[in-house]
Amino acid sequence: MNTCPFGETTLEIDLNALAHNYRYLKSHLDEGTKMMGVVKAFAYGSDSTAIAKELVNLGVGYLAVAYPYEGEVLRDAGIQTPILVLHPLPPTFQTITARCMEPAIYSRTMLESFIAFCEEKNFKAYPIHIKLNTGLNRLGFIDTDIDYISETVAKSEAVTVKSIFSHLAASEDLEEKRFTEKQLKFFKESSERLIENLGYTPLRHTLNTSGVINYPEAQYDMVRTGIGLYGFGNIPETDKKLRPVGTLKTVISQIHKVKKGESIGYNRGHIADRDMRSATLPLGHADGMARIYGNGNGWVTINGKRAPILGNTCMDMIMVDVTDIGCKEGDVVTIFGENPRANELAEGAGTISYELITSVSQRIKRVICRK
Ligand SMILES: *Cc1c(COP(=O)(O)O)cnc(C)c1O
């Protein structure tokens, strides 16, 4: 197909690819292991409502967001599945509880202030999720907090521990296997001690996508998958098994003939070293095509051929080299999708799929499809 069906920059979101990826990740798990669908950051830059609804249909029993606002959007869309808020702060407790979301509790301050909040509201057994820091050193309690946690929780009827979890620092990097195994051992010991102290058994979960692939023996009761659902496995073998959910397309707005010695774009970022043809495309750094992709670090695909980005990316446009590509104004351009995959484009610019796909700005039209 040579013309863009939507006539403007569009992110196609393929729910069949999502279903495929869900089943692939599920195939690494025991039958009873639950999956939490991580839909933070607009479902990794796509459409959190459409993705969350499909995940719930597929059988996901839990959703995760980073911030409460992200969960509110899902509740507004009628989604009733439990939602874990990975990164709450005390000023958001009202929103979290009003919308039946469940906070990750990662510090003494958070635990005490959330209990006080729940007591004030006369809540009984409000579900909380205890986050343990096992080596990432980002959010979480440390081992010397375990007894404190159980004692503090036992003193109040306002909350109940629904799950205990941790997050791996390097699950995709097998050169860090020993470090990861230490994290897993620490999680096992700390969670066992906490369970013993509590006198009841919350769910446990610690694997993200690469954890599911590389450490399925540590799946416990649930896993938290994000990037894999969207089609990226962090290693080529897994990438081959997954299908990208998002395809970012645009069109050629204008083609210029540029003579040797002339320049293209702001600050004369590209100087033509031969007579050439450039194509101007309607997406720029405000759409997620960051400046790092400029000056040939990034490229797009036009009629099956690579067109490198020329000079600096502008806010709303980029110019690409089409000197050797048969194409005309109005032709469709693929930024990422099957070819190139977002991880390839990202790696060319020294970044990762996560950053590229979550950067697709909200002004870009989303179209939900089943390919
Ligand atoms: C984002 C996130 C995940 C999902 O990780 P992926 O690598 O995308 O699968 C899981 N757990 C936590 C705590 C996260 O912040």
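Residues numbered from 1 in each chain as written. Predicted model: local features only at pLDDT ≥ 70, side-chain atom pairs only at ≥ 80, totals over all residues. Heavy atoms only, no water.

Some points on the pairing of strand E15 (residues 299–302)
Quick note on the threshold: Whether a residue is buried, partly exposed or exposed follows from its accessible area with a 1.4 Å probe, protein chains only, as a fraction of its type maximum: under 20%, in between, or over 50%, in that order. Think of it this way: any DSSP run of H or I at least four residues long counts as a helix, any run of E at least two long counts as a strand, and we number them from the N terminus. Two strands are counted as paired when DSSP detects at least two bridges linking them.
Burial along E15 is two-sided: Trp299 and Thr301 and Val300 and Ile302, pointing in opposite directions, are all buried. Linking E15 back to strand E16 (residues 305–310) in an antiparallel pair, the connection comprises two residues, with Asn303 at a positive phi of about 50 degrees. Bridging between E15 and strand E18 (residues 332–336) involves two bridges; their strand directions are antiparallel. Bridging across to E18, Ile302 finds its partner in Val333.

A look at unusual backbone geometry
Looking along the chain, the bond that leaves Asn339 and enters Pro340 is cis, with omega of -5 degrees. Not every positive phi belongs to a glycine, and Ala125 is a case in point at roughly 50 degrees. As for its position among the elements, Ala125 is in the loop between helix H6 (108–120) and strand E6 (126–132).

Points about the environment of Glu217
Of note, Glu217 is situated in the loop between helix H9 (209–214) and strand E9 (222–225). Spatially, the C-alpha atoms of Glu217 and His28 are 9.8 Å apart, while their sequence positions differ by 189 residues.

Some remarks on a negative patch on the surface
The line we're drawing: Exposure above 30% relative accessible area and no salt bridge define the residues that can form patches, which grow by joining like charges within 9 Å and nonpolar side chains of Val, Leu, Ile, Met, Phe, Trp and Tyr within 5 Å. Using the Shrake-Rupley algorithm and a 1.4 Å probe, accessible areas are obtained, with residue cover drawn only from the displayed protein chains. Salt bridges are identified by distance alone: a Lys or Arg side-chain nitrogen within 4 Å of an Asp or Glu carboxyl oxygen. For this count, His and the chain ends are skipped, Lys and Arg are scored as positive, and Asp and Glu as negative. Charge placement uses NZ in Lys and CZ in Arg. For Asp and Glu, CG and CD serve respectively.
On the surface, a cluster of negative charge is made up of Glu172, Asp173, Glu175 and Glu176. Within the element layout of this structure, Asp173 appears in the loop between strand E7 (159–166) and helix H8 (177–198). The class for Asp173 is partly exposed, based on a relative accessible area of 31%.

Remarks on helix H4 (residues 68–76)
Quick note on the threshold: Taking the helix axis as origin, the arc is that swept by the directions to the C-beta atoms. Residues count as neighbours in contact if any of their non-hydrogen atoms are within 4.5 Å of one another.
Among the residues making up H4, those that are buried are Pro68, Glu70, Gly71, Leu74 and Arg75. Projected down its long axis, H4 shows its buried positions confined to an angular sector of 155 degrees, all on one face. In H4, the exposed positions that point more than 90 degrees away from the buried face belong to Tyr69 and Asp76. Structurally, H4 contributes buried residues whose contacts are with helix H2 (40–45), helix H3 (48–58), strand E3 (62–65), strand E4 (83–85), helix H5 (93–98) and strand E5 (101–105).

Observations regarding the site of the ligand
Basically, it comes down to this: Residues are counted as near a molecule or strand when any one of their heavy atoms sits within 4 Å of it. Under this definition, polar contacts are N or O atom pairs within 3.5 Å; protein pairs additionally need one hydrogen-donor-capable and one acceptor-capable atom, and for neighbouring residues in sequence, both atoms have to be side-chain atoms. When residue character is reported, Ala, Val, Leu, Ile, Met, Phe, Trp, Tyr, Cys and Pro are called nonpolar, Asp, Glu, Lys and Arg charged, and the others, Gly included, polar.
Neighbouring residues of the ligand: 14 residues in total, closest Lys40, Tyr44, Thr209, Ile227 and Tyr354. Between the ligand and Asn208 there is a distance of 3.3 Å, counted from an oxygen atom to a side-chain nitrogen or oxygen. One of the side-chain N or O atoms of Tyr354 is found 2.7 Å from an oxygen atom in the ligand. Against a free-state accessible area of 390 Å², the protein chains account for coverage of 94% of the ligand. Of all the secondary structure elements, the ones that give two or more residues to the shell around the ligand are H2 and E9. In terms of residue class, the shell around the ligand is made up of five nonpolar, five polar and four charged.

Description of the packing of aromatic side chains
Test applied: Any two of the Phe, Tyr and Trp rings considered here, Trp counted by its six-membered ring, make a pair once their centres fall within 6.5 Å; the pair's planes then place it as stacked at under 30 degrees, edge-to-face at over 60, or tilted in between.
In total, this model carries eight aromatic pairs according to the counting rule given. For the ring pair Phe93 and Phe114, a centre distance of 4.9 Å and an interplane angle of 80 degrees mean the geometry is edge-to-face. Here Phe93, found in helix H5, pairs with Phe114, found in helix H6; they are 21 residues apart in sequence, far enough to count as distant. Phe114 carries the same exposure label as Phe93, and that label is buried. Aromatic pair Phe187 and Tyr220: ring centres 5.2 Å apart, planes at 85 degrees, arrangement edge-to-face. Taken as a pair, Phe187 in helix H8 and Tyr220 in the loop between H9 and E9 lie far apart in primary sequence, 33 residues in all.

What to know about the pattern of salt bridges
Taken as a whole, this structure holds 19 salt bridges when the rule is applied. With a shortest N-O distance of 3.1 Å, Glu12 and Lys249 are connected by a salt bridge. Taken together, the residues Glu12 in strand E1 (residues 10–14) and Lys249 in strand E10 (residues 246–251) connect sequence positions 237 residues apart. The partner of Glu12 in a salt bridge is Lys371, with the nearest N and O atoms 3.0 Å apart. Highlighted residues: Glu12 in strand E1 and Lys371 in the segment after strand E19 (365–369), separated in sequence by 359 residues. A relative accessible area of 6% places Glu12 in the buried class. Three or more residues are tied together by salt bridges with common partners; here these are Glu12, Lys249 and Lys371.

Details of the nonpolar core
Definition in use: Residues grouped as a nonpolar core are buried Ala, Val, Leu, Ile, Met, Phe, Trp, Tyr and Cys residues, joined through side-chain atoms within 4.5 Å. Those domain boundaries reflect an automatic or database domain assignment.
One finds Val39, Ile51, Ile302, Val320 and Phe336 to be the most contacted residues of the largest nonpolar core, which totals 107 residues. Residues lining this core come from more than one domain, with at least three contributed by each of domain 1 (32–230) and domain 2 (246–369). In this structure, Val320 is in contact with Arg277, Ser278, Ala279, Leu281, Val300, Ile302, Ala307, Pro308, Ile309 and Leu310, ignoring residues within four places of it in sequence. One finds Val258, Ile264, Ala272 and Leu310 within the second-largest nonpolar core, a separate group that totals seven residues.

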